[in-house]
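Understanding the architecture of this molecule
Chain by chain, the residues:
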Amino acid sequence: MAELAAGFLLSMAAEGLYRPIWSQAILDELVRVEADKRVHRGAEPEQAELAARRLVDQMGWAFDDSCVEGWEPLEGSYGLPDPDDEHLVAAAVVGGAGVIVSDNVKDLPAKLLPHGISVVTAARFAADSVSVSPAMARRALGRISARYVNPPHTIDDLLDLLSARYGMAQAAAMIRDV
């Protein structure tokens, strides 16, 4: 269940609601963040890292054209408050992304981003993606629901979790209306 929000966003990409892009640096950061979350929730560090790497491997397999290369020369050219976030913008530029999904909005100020790129939280991105086609988003959530068998989780259960745990109430409301 720890991967529900990320799984929901990626499942919407699999439905064709958007095209994800990332760099290897973003994937490496994702492994660290996901492993830390799992350890914080009680997992053993080794198991947490294996689960995080499995997630990233699945992302690479499902979206084999999403990893951009050649962003490194742009790193450091945006003057961001946190230089460790420069790789996000560089990858977005090289990949032609219009949006960077990050809950760390304060370190990615709009005035420092290249024209045509904005930063939105995961909850806002979920709502924007669902609004394209709530039916497709519901189908994506149905695929997630089908994977939970012990214990089972209905689409409504998952919508409740997305709302309560991840602040995705707006996206959940649109899906409930389908």
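A brief look at the structure comes next. (Residues numbered from 1 in each chain as written. Predicted model: local features only at pLDDT ≥ 70, side-chain atom pairs only at ≥ 80, totals over all residues. Heavy atoms only, no water.)

1. Some words on the environment of Lys 111
Note that Lys 111 resides in the loop between β1 (99–101) and β2 (118–120). Judged by relative accessible area, which is 74%, Lys 111 ranks as exposed. Separated by 31 residues in the primary sequence, Lys 111 and Gly 142 have C-alpha atoms spaced 39 Å apart. (Helix = DSSP H or I, 4+ residues; strand = E, 2+ residues; numbered from the N terminus. Buried < 20%, exposed > 50% of the residue type's maximum accessible area, 1.4 Å probe, protein only.)

2. Side note on the layout of surface pockets
If you add up the space inside the largest pocket, you get close to 1,300 Å³. What lines the largest pocket is a set of 41 residues, and nearest its centre among them are Leu 9, Ile 26, Leu 30, Val 101 and Ser 102. For the lining of the largest pocket, the elements supplying multiple residues, two or more each, are α1 (4–14), α2 (24–40), α4 (86–95), β1 and α5 (122–132). Looking at the lining of the largest pocket, the element that brings in the most residues is α2, giving seven residues. Residue composition of the lining of the largest pocket, by class: 27 nonpolar, five polar and nine charged. Along its surface, the second largest pocket is lined by 21 residues, and Gly 7, Ser 11, Leu 55, Gln 58 and Arg 147 are the ones closest to its centre. (1 Å grid on protein atoms, 1.4 Å probe; cavity = no way out; pocket = protein on both sides within 12 Å on 5 of 7 lines; lining within 4 Å. Points joined across faces, edges and corners; volume = space filled by probe spheres on them. Nonpolar A, V, L, I, M, F, W, Y, C, P; charged D, E, K, R; others polar.)

3. Quick word on the nonpolar core
One finds Phe 8, Met 12, Ala 126, Val 130, Leu 141, Met 168 and Ile 175 to be the most contacted residues of the largest nonpolar core, which totals 24 residues. Only α1, α5, α6 (134–147), α7 (155–166) and α8 (169–176) provide two or more residues apiece to this core. If we skip the residues at most four places from it in the chain, Ala 126 touches Phe 8, Leu 9, Met 12, Met 168 and Ala 171. (Core = buried A, V, L, I, M, F, W, Y, C linked by side-chain atoms within 4.5 Å. Contact = heavy atoms within 4.5 Å.)

4. What to know about α1
Where burial is concerned, most of α1 is hidden: nine out of the 11 residues are buried. What α1 keeps buried is the set Leu 4, Ala 5, Gly 7, Phe 8, Leu 9, Leu 10, Ser 11, Met 12 and Ala 13. Positive backbone phi, approximately 95°, marks Gly 16, located one or two places after α1.

5. Let's talk about the packing of α6 against α8
The contact between α6 and α8 brings their axes to 9 Å, and the two run at 100°. With respect to α8, the axis of α6 lies roughly perpendicular. Residue-level inspection shows Pro 134, Ala 137, Arg 138 and Leu 141 of α6 in contact with α8, the latter providing Met 174, Ile 175 and Arg 176. (Axes fitted to C-alpha atoms, helices over the stretch in contact; angles between N-to-C directions. Parallel < 35°, antiparallel > 145°, perpendicular 65-115°, else oblique.)

6. Things to note about the packing of α1 against α5
Viewed as axis vectors pointing N to C, α1 and α5 meet at an angle of 30°, and their least axial separation amounts to 11 Å. One finds that α1 runs roughly parallel with respect to α5. By crossing handedness, the relation of α1 to α5 is classed as left-handed. Between α1 and α5, the residues in contact are Phe 8, Leu 9 and Met 12 and Ala 122, Phe 125, Ala 126, Ser 129 and Val 130, respectively. Residues of the contact of α1 with α5, tallied by class, amount to seven nonpolar, one polar and no charged. (Left-handed = near helix turned anticlockwise from the far one by under 90°.)

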